[in-house]
Amino acid sequence: MKQPHVSSSENEDQVQSPTLHRRKFLSNLGLTAVAITGLTACTKSETSNALNTGSVSDSLKTGTYNDIDILNYAYLLEQLEAAFYIMVVGNFYSGGSSWEKTRLAQIRDHEISHREFFKTALGSSALPDMQFDFSSINFSDRMSVLGASKSFEDTGVSAYNGIAYAIKSSDYLTAAGKIVSVEARHAAYIRDLIDPLSFADSTIVDSNGLDVANKPYNVVQTISPYLKVMPDLKSFPYTI
Amino acid sequence: MNIEQIFSDIEKQDPEVYNRVDTRRDSMREFARIGGKIALTALPLALGGIFKKAYGQTPDTVTHVLNFALVLEHLESQFYNTGVSTPGLIKDASALQGYKIIQQHEKEHVDFLSATITALGGIPQKSPVFDFTAGGTFPTVFSDYETFLAVSQTFEDTGVRAYKGQAPNLKMNDTVLTAALQIHSVEARHASYVRSLRSSYYNDEKIRPWITGASTAGIGSSVAGNYAGEDNTVQLGINIVGIDGFNISVEDASEAFDEPLTTAQVLALIQPFIVS
């Protein structure tokens, strides 16, 4: 198989550093998006652990994912959501009803459940604990918090919808299905707090009655402003 | 629908697909030509044309699953058609508007699934005749708002469980699986909305947008089967209660994961609503 062009300095970074800075990560996204264009199917490794084997080249060239990659992708999203709601509940804004606070605390507990589920399922293959930058969110302002919440929930739904087809294990596929519908329940609830009757409006449901399904590349772009440091490039199925 | 993605999916399954349907460029040009002239809702038909040209047929299993889903969508669609058009049933103007949104989606699902089944070479299941009283279990379903809300919640939550249960049966067709999941999450949004309506109506925080344990949220034993198994707190052998030392209660752990139903379970649950 042909090797995609990756400079030696980038290779060194990928091998030696557990994390990549955002700019480097995004530039690699651009590179790899070009690199996979026109490539045809290669044999994929069912057993490779992308975190440990340095299999980035194979993963990028085939444009396919293994289940560990996908679970880590979900784990990243759940880490983001859990960290966000822990902040929200730890420093509640004023102006919300007591029910609203109760339910945001429930959502926090759901997201922690999802996060720890993936962490446990992944075991030694799990991404490290991620650091997040929520400085763009004003946690004392109700609409700032709910706006971010809506974005995270809708993005989560679209991410699971967009990646589920690539999951090889039926058990993992079902697990993803069990989680995505709860995220959709959250999204609908939060949306109606912001704007009544927006629970499934035309910004997210198309004329066939279908919700959004986003590719990892788009999802990572949406959440990248909240990531202090990008996770290891090798571990992400973001290329298609 | 993303045409590029659909082509990629087909290509993954069959690298020689373009030899079967002339060339990729011709196929894309054909789509561009068609796409400019037809409504988005007709897209499944165009897609199916390509499938049939390439393979002559698609696996039966996929159309069977879609027909199963279509029956559920007929059920929901007709339920809401009657509900929103029954004078005095949904008195709250906002709730009526919300139900019209849901009604529209269910109609779109019926149309989308029907078109996709046809496109894949199958025959869309005709709508059964429904009895929304379920043989007298819900005699006031269209005259009593509370009963209507209860049946609505049950249909939405059960729909979510039904689609979830079918996902592994659609693994052979990435495009259809993705579309089914895109319907699945819309049903979950509906369920959340209806549960919130009931929560407000009864002023009861315990009726939540998510499903707590195997609770029917006050509806009662008539729908207990629709919620059976939702109290699961162990996922892939991992106990979610108190996981990793976090304060995750039994309620939290059950709410955090919705549970699937098998085809047989769903059919048994909707059987009382089907006359013929």
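Fair warning: this is a prediction, and the values are worked out from it, not measured in the lab.

1. Comments concerning the overall build of chain A
Tallying secondary structure elements over chain A gives nine helices and two strands in all. When the helices and strands of chain A are listed from N to C terminus, the series reads α-β-α-α-α-α-α-α-α-α-β. Across the 240 residues that make up chain A, the buried fraction comes to 57%. When contacts within chain A are restricted to residue pairs at least 6 apart in sequence, long-range pairs at least 24 apart make up 78% of them. When the accessible surface of chain A is totalled, it reaches about 9,200 Å², and 51% of it is carbon and sulfur.

2. Quick look at the interface of chain A and chain B
By a frequent convention, interface size equals the accessible area lost on bringing the separate parts together. Contacts between chain A and chain B engage 58 residues on the former and 65 residues on the latter. Our count for the chain A to chain B interface comes out at six salt bridges. Residue Asp211 of chain A is joined to Arg189 of chain B by a salt bridge in which the shortest nitrogen-to-oxygen separation is 2.8 Å. Applying the counting criterion to the chain A and chain B interface returns 27 residue pairs in polar contact (both at pLDDT 80 or more).

3. A short note on the environment of Gly218 of chain B
Within the fold, Gly218 of chain B resides in the loop between α8 (174-202) and α9 (224-227). Expressed as a C-alpha distance, the spacing of Gly218 of chain B and Arg198 of chain B, which sit 20 residues apart in the sequence, is 9.7 Å.

4. Description of helix α7 (residues 145-166) of chain B
Taking 1.5 Å of rise per residue, 22 residues should cover 32 Å, and α7 of chain B covers 32 Å from first to last C-alpha, within 8% of that figure. Most of α7 of chain B is tucked away, with 20 of its 22 residues classed as buried.

5. Some details on the confidence of the model for chain A
Mean pLDDT over chain A stands at 77; residues scoring 70 or higher make up 70%. Taken together, the stretch residues 1-62 of chain A has pLDDT below 50 and engages in 88 contacts with residues farther than four places along the chain or on a different chain.

6. Here's the deal with the nonpolar core
With 84 residues, the main nonpolar core has Phe84, Phe118, Phe134 and Ile137 of chain A as its most contacted residues. Looking at this core element by element, the count peaks at 13 residues for helix α5 (residues 67-90) of chain A. Ignoring any residue separated from it by four or fewer positions in sequence, one finds Ile137 of chain A in contact with Phe84, Ser144, Val145, Ala148, Phe152 and Tyr226 of chain A. Formed by 42 residues, the second largest nonpolar core is a distinct cluster that contains Leu89, Ala150, Phe155 and Tyr227 of chain B.

7. Focus: the environment of Leu77 of chain A
All names here are of chain A. With respect to the helices and strands, Leu77 occurs in helix α5. Here Leu77 falls in the buried class, since its relative accessible area comes to 6%. Ignoring sequence-local partners within four residues, the contact set of Leu77 consists of Ala159, Val219 and Ile223.

8. A word on the side chain of Asp211 of chain A
Looking at the secondary structure, you find Asp211 of chain A in the loop between α8 (170-194) and α9 (216-223). Here Ser185 of chain B takes part through its side chain, which lies 2.9 Å from a polar atom of the side chain of Asp211 of chain A.

9. Section: the confidence of the model for chain B
Residue and element names in this part refer to chain B. On average, residues of chain B carry a pLDDT of 86, and 79% of them reach 70 or more. Every residue in residues 14-43 scores below 50 in pLDDT, and together they form 40 contacts with partners more than four places removed in sequence or on other chains. With pTM at 0.79, the complex prediction returns an ipTM value of 0.82.

10. Details of the packing of aromatic side chains
All names here are of chain B. Evaluation of the coordinates by the stated rule reveals 30 aromatic pairs over all chains. Centroid distance Phe79 to Phe155: 5.1 Å. Interplanar angle 80 degrees. Geometry classified as edge-to-face. Pair noted here: Phe79 is in helix α5 (residues 60-85) and Phe155 is in helix α7, with a separation of 76 residues, a long-range link. Taken together, a centroid distance of 6.4 Å and an interplanar angle of 85 degrees make the contact between Tyr80 and Phe148 edge-to-face. Here Tyr80, found in helix α5, pairs with Phe148, found in helix α7; they are 68 residues apart in sequence, far enough to count as distant. Each member of the pair, Tyr80 as well as Phe148, is classed as buried.

11. Overview of the pattern of salt bridges
All names here are of chain A. This model, assessed by the stated rule, comprises 19 salt bridges over all chains. Residues Glu100 and Arg142 are paired through a salt bridge, measuring 2.8 Å at the closest nitrogen-oxygen approach. On the criterion of sequence distance, the pair formed by Glu100 in helix α6 (residues 98-122) and Arg142 in helix α7 (residues 142-163) is long-range, its members being 42 residues apart. The shortest N-O distance in the salt bridge between Asp129 and Lys119 comes to 3.8 Å. Of this pair, Asp129 sits in the loop between α6 and α7 while Lys119 sits in helix α6, placing them ten residues apart in sequence.

Quick notes on the rules
Residues numbered from 1 in each chain as written. Chains lettered and ligands numbered in written order. Predicted model: local features only at pLDDT ≥ 70, side-chain atom pairs only at ≥ 80, totals over all residues. Heavy atoms only, no water. Helix = DSSP H or I, 4+ residues; strand = E, 2+ residues; numbered from the N terminus. Buried < 20%, exposed > 50% of the residue type's maximum accessible area, 1.4 Å probe, protein only. Contact = heavy atoms within 4.5 Å. Areas by Shrake-Rupley, 256 points an atom, 1.4 Å probe, with all protein chains shown as cover. Salt bridge = Lys/Arg side-chain N within 4 Å of Asp/Glu carboxyl O. Polar contact = N/O pair within 3.5 Å; in protein donor to acceptor, adjacent residues only side chain to side chain. Expected span 1.5 Å × (residues − 1). pLDDT = per-residue confidence, 0-100. Core = buried A, V, L, I, M, F, W, Y, C linked by side-chain atoms within 4.5 Å. Phe/Tyr/Trp six-rings, centres within 6.5 Å; stacked < 30°, edge-to-face > 60°.

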